[in-house]
Amino acid sequence: MKPAKSKTPRKPFLKKGTQASLKDPVGVYCRVRPLSFPDQECCIEVISDTTVQLHTPEGYRINRNGDYKETQYSFKQVFGTLTTQKELFDVVANPLVDDLIHGKNGLLFTYGVTGSGKTHTMTGSPGDGGLLPRCLDMIFNSIGSFQAKRYVFKSNDRNSMDIQCEVDALLERQKREAMPVPKTPSSKRQIDPEFADMINVQEFCKAEEIDEDSVYGVFVSYIEIYNNYIYDLLEEVPFDPIKPKWNSCNTPVRNTDFIPPQSKMLREDKNHNMYVAGCTEVEVKSTEEAFEVFWRGQKKRRIANTQLNRESSRSHSVFIIKLAQAPLDADGDNVLQEKEQITLSQLSLVDLAGSERTNRTKAEGNRLREAGNINQSLMTLRTCMEVLRENQMYGTNKMVPYRDSKLTHLFKNYFDGEGKVRMIVCVNPKAEDYEESLQVMRFAEVTQEVEVARPVDKAICGLTPGRRYRNQAFREELTRRLELRGGPIGDEQSVTEILLQSFPPLPSCEILDVNDEQTLPRLIEVLEKRHHVRQMMTEEFNKQVIAFRAMLQDFDNAVLNKENYIQGKLNEKEKVISGQKAEIDRLEKKTKTLEYKIEILEKTTTIYEEDKRNLQQELENQSQKLQRQFSDKRRLEARLQGMVTETTMKWEKECERRVAAKHLEMQNKLWVKDEKLKQLKAIVTEPKNDKPERPSRERDREKVFQRSVSPSPIPNVPPIRLRHRRSRSAGDRWVDHKPASNVLTETVMQPHVPHAITVAVANEKALAKCEKYMLTHQELASDGEIETKLIKGDVFKTRGGGQSVQFTDIETLKQESPTGRKRRSSTSVPPQEVATESEWTDVETRCSVAVEMRAGSQLGPGYQHHAQPKRRKP
């Protein structure tokens, strides 16, 4: 008979709102191992059942300039140092095994730094088995009585199962038993004492609601990922598990004693699930047999001694438990030979190698290369988690880099919704592992935010449930009734039982005599009785058939009514569930939207806080700047106050000097008037002659001149050479603007500016060549004399390319005639003589006054008074 083949069926198309649209976060648990020595410094503290707190160690604080920071991390559940393996198994692994038996996949892996207790958590120790032996024990406790015979399920190289009948399975067993070295361990062999205590689990654990109408087969495989290569630990190849033999050319030695292990390739089946091609899958029938297979592969796993761990795992190990499940036929006796009804589920138990720092492990050579590959694969796992988290939180569609590592590539289906994912974070609380533990906690924090699609429930078989025990009960009842043959079953005795109890035997049919008339009548009588019994049996059978048909009809009606009732209830429940799912989807979308808004608000708050800090810093800078400006202003005010005080004092002194000068001038004028009065008095009191004489006139004149203090300015006046006055700014280039209407004056003081450009009309060309400008302006004063003003200014260049003049100073030149005021003389005197007399007797003729606008003079800024002092009469 040709065996029927079965493969993992494709996932059916699911409508929106079904179970596959629901997602569950990755379950992350934390386990804290005890300290090796009681006096060691601890950096991890269990706060509650879901929270741990990291303390900065003392030495780390000293190296980080006293920075002390406590951080808390939350998990689904935290297991302290006193947690037993049984408590950890009940919370973490028990639900995964239950899902495995009900046709769902699961992934459980331990993660942490080297020496944190990952292998102990997964494998256990003598007398205290870990998660792996407890999972095996629960599986076989649940399906022990429902296991199919060996080789009914047969694995192939396409990640699926072939199924064959019991006859073919018997032939396969006989063939394998006839082989000299059986590959499959026998359950009758004695248990290896090396691991006997590990699988001796005292607590009985069993899954609930087992499908009793199915048969099960358990297959295990064990692989390791070493330096990003996959090796089969159950492969029957003799090789050194630590270090193969290599020659001087760095190539393996080819001899009959040594065959290097061949790495395996990852393949994708028709349902896009990843598997290891060519991996050995061993069918096991008990916990002891399965753990023996695991222990055989464990001895081949690569371990090494490092500074941090005496038996440090140098590879990632993956123990795969695959469960095949097939329903029984309608009779409940044999396996249903339909490949579409076979279900495959698997549970992967992963013991990750610990992340480590080479400066602590002092790794060299191969150990250094192994550490680099371990850290690289763990970094790829972390990157995949971060990308998955980002895609789910922000709705992006970034490619997850599963293919960067064999570890992530092998388990990518689990993160795409092919089963539940659980992670146990193992941490060592000693202070030396603080930085590594901090990185592990951050990775766990990211992993908890990744959501995995909930696996789909398997399809329900269309056969009648409970058929195994019903058929078994029917056979037992039939056997019991056959054994109790002859006993009354009811009020009326059955015709069949009467027939069986008193069936008339056939008489002898031999006729010895021709005249024998008794044999034939007896035979005829017996045959008639038998015919009558046959008719009675036929009638009874027909009655029973009619009654059975009526019973079947009633049963079918009852079943149909129940089905209709159940279908109505199911429809109502489905509507309620659909409404609840829709509400859940709405709430999930609302939650994601709110989370996204919260994250945006957090980012906005961060930006605003940064802006606030910047503005506060800028405000402080401005305040300091204002304080400096205020201090400068106060200093400037003090300086200006000093300058004002100094200027005030200066002007007060100038005013005093001006008042003194004015006082002196007034005294001179009073003296002049006194002199005039004296002269007038002398003239009045002088005796008058009939005839004026010239000598007396001369004598009077001499007397008058003798009394006069001021000498006469007219006699003996030497000729004065006309000199030019030098301008105060003669060092600069000047534009001397003299309009053509100006009158040339005969003043002694004349402005003279060397290197000046004299123009009659101001023009731009002359202004462009000079820095100073002087305008000579003439006008008539109130006394009729010409007053010349020299208006000076600075020449500046404008933005438009022209020149502008800013006037800064005015100098005034004024010419006064000493004959402006004439004293009236006698009519007898000739006009020329009277004029001459007035010139000698007028006070103003004896004063020569010049006023010059020059800064720094003694009488005030811009003025200087020159006068000849008048001598008083003795």
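Refer to the structure printed above.
Residues numbered from 1 in each chain as written. Predicted model: local features only at pLDDT ≥ 70, side-chain atom pairs only at ≥ 80, totals over all residues. Heavy atoms only, no water.

A.B. asks: Is there a simple way to explain the pairing of strand 28 (residues 772-780) in this structure?
C.D. replies: With 4 bridges joining them, strand 25 (residues 734-737) and strand 28 adopt parallel strand pairing. Residue pairing across strands places W734 opposite K772, the latter belonging to strand 28. Both strand 28 and strand 29 (residues 786-797) contribute to a ladder of 9 bridges, which runs antiparallel. Directly across from L780, in strand 29, lies its bridge partner I786. Turn length for the strand 28-strand 29 hairpin, with the two strands adjacent in sequence and antiparallel, is 5 residues, and the turn residue G784 shows positive phi of about 85 degrees. (Pairing = 2+ DSSP bridges. Helix = DSSP H or I, 4+ residues; strand = E, 2+ residues; numbered from the N terminus.)

A.B. asks: How should the sheet that holds strand 30 (residues 803-814) be read in this particular structure?
C.D. replies: Strands pair in a sheet through their backbones, by hydrogen bonds, and they do so in one of two ways: parallel or antiparallel. Spatially, 27-25-28-29-30 is the arrangement adopted by the 5 strands of the open sheet, whose pairing is mixed. Every other strand in the sheet has two partners, leaving strand 27 (756-759) and strand 30 as the edge strands with one partner each. Adjacent strand axes in the sheet meet at a mean angle of 25 degrees when their direction is disregarded. (Axes fitted to C-alpha atoms, helices over the stretch in contact; angles between N-to-C directions.)

A.B. asks: Any chance you could explain unusual backbone geometry here in plain terms?
C.D. replies: The residue E209 is not glycine, and still its phi comes out positive at about 55 degrees. Following the sequence through the fold, E209 ends up in the loop between helix 5 (166-177) and strand 13 (214-226). E209 gets classed as exposed once you look at its relative accessible area, which sits at 70%. Although it is not a glycine, N228 adopts a positive phi angle of roughly 65 degrees. Note on placement: N228 falls in the loop between strand 13 and strand 14 (229-232). Under the relative-accessibility criterion, N228 is labelled partly exposed at 31%. (Buried < 20%, exposed > 50% of the residue type's maximum accessible area, 1.4 Å probe, protein only.)

A.B. asks: Even after reading the chapter, I still don't get the pairing of strand 8 (residues 105-112), so can you show me in this structure?
C.D. replies: Every regular strand shows the same layout, with side chains that alternate between the two sheet faces. The element strand 8 is extensively covered by neighbouring structure, given that 8 of its 8 residues are classed as buried. In strand 8, alternate side chains face the same way, and those of N105, L107, F109 and Y111 on one face and G106, L108, T110 and G112 on the other are all buried. In terms of strand pairing, strand 8 meets strand 22 (residues 419-427) through 8 bridges, oriented parallel. From the neighbouring strand, Y111 faces strand 22, where its bridge partner is V425. Relative to strand 21 (residues 343-351), strand 8 is paired through 5 bridges, and the arrangement is parallel. Directly across from T110, in strand 21, lies its bridge partner D351.

A.B. asks: I tried to follow the nonpolar core on my own but got confused; where do I start?
C.D. replies: One broad trend across soluble globular proteins is that nonpolar side chains are buried collectively. Judged by nonpolar contacts, the single largest core of 54 residues is most densely connected at F75, F411 and M441. Formed by 45 residues, the second largest nonpolar core is a distinct cluster that contains L96, M122, F140 and I424. (Core = buried A, V, L, I, M, F, W, Y, C linked by side-chain atoms within 4.5 Å.)

A.B. asks: Looking at this model, I keep getting lost on helix 2 (residues 85-101). Mind explaining?
C.D. replies: Working note: α-helix, 3.6 residues per turn, so residues spaced by three or four point in the same direction. The largest bend in helix 2 is about 50 degrees, located at A93, with the proline P95 one to four residues further on. Looking only at helix 2, the buried set comprises Q85, L88, F89, V92, A93, N94, L96, V97, D99, L100 and I101. (Bend = angle between axes of the 7 residues up to and from the residue.)

A.B. asks: Teacher, can you tell me more about the state of the cysteines here?
C.D. replies: Linking two cysteines covalently via their sulfur atoms produces the bond known as a disulfide. Scanning the entire structure with this criterion turns up 0 disulfides. Take C205: it sits in no disulfide, and the sulfur closest to it among the cysteines is that of C135, at 9.2 Å. Judged by its relative accessible area of 11%, C205 is buried. Of all cysteine sulfurs in the structure, the one in C30 sits closest to C426, which takes part in no disulfide; the separation is 8.0 Å. (Disulfide = S-S within 2.5 Å.)

A.B. asks: Help me understand the sheet that holds strand 6 (residues 71-74), please; the structure alone is not making it clear to me.
C.D. replies: Taken together, 3 strands build an open sheet; the order of strands is 4-5-6 and the sheet is antiparallel. Both edges of this open sheet fall to strand 4 (44-46) and strand 6, since each of them pairs with a single strand only. Within this sheet the neighbouring strands show an average axis-to-axis angle of 25 degrees, counted without direction. Bridge count for strand 4 against strand 5 (residues 51-54) is 3 bridges, and the pairing is antiparallel. Paired with V46 across the two strands is V52, which belongs to strand 5. Across the sheet, helix 11 (residues 434-448) touches strand 4, strand 5 and strand 6, and the angle it forms with strand 6 is around 40 degrees. (Contact = heavy atoms within 4.5 Å.)

Coordinates in, geometry out; function isn't part of it.
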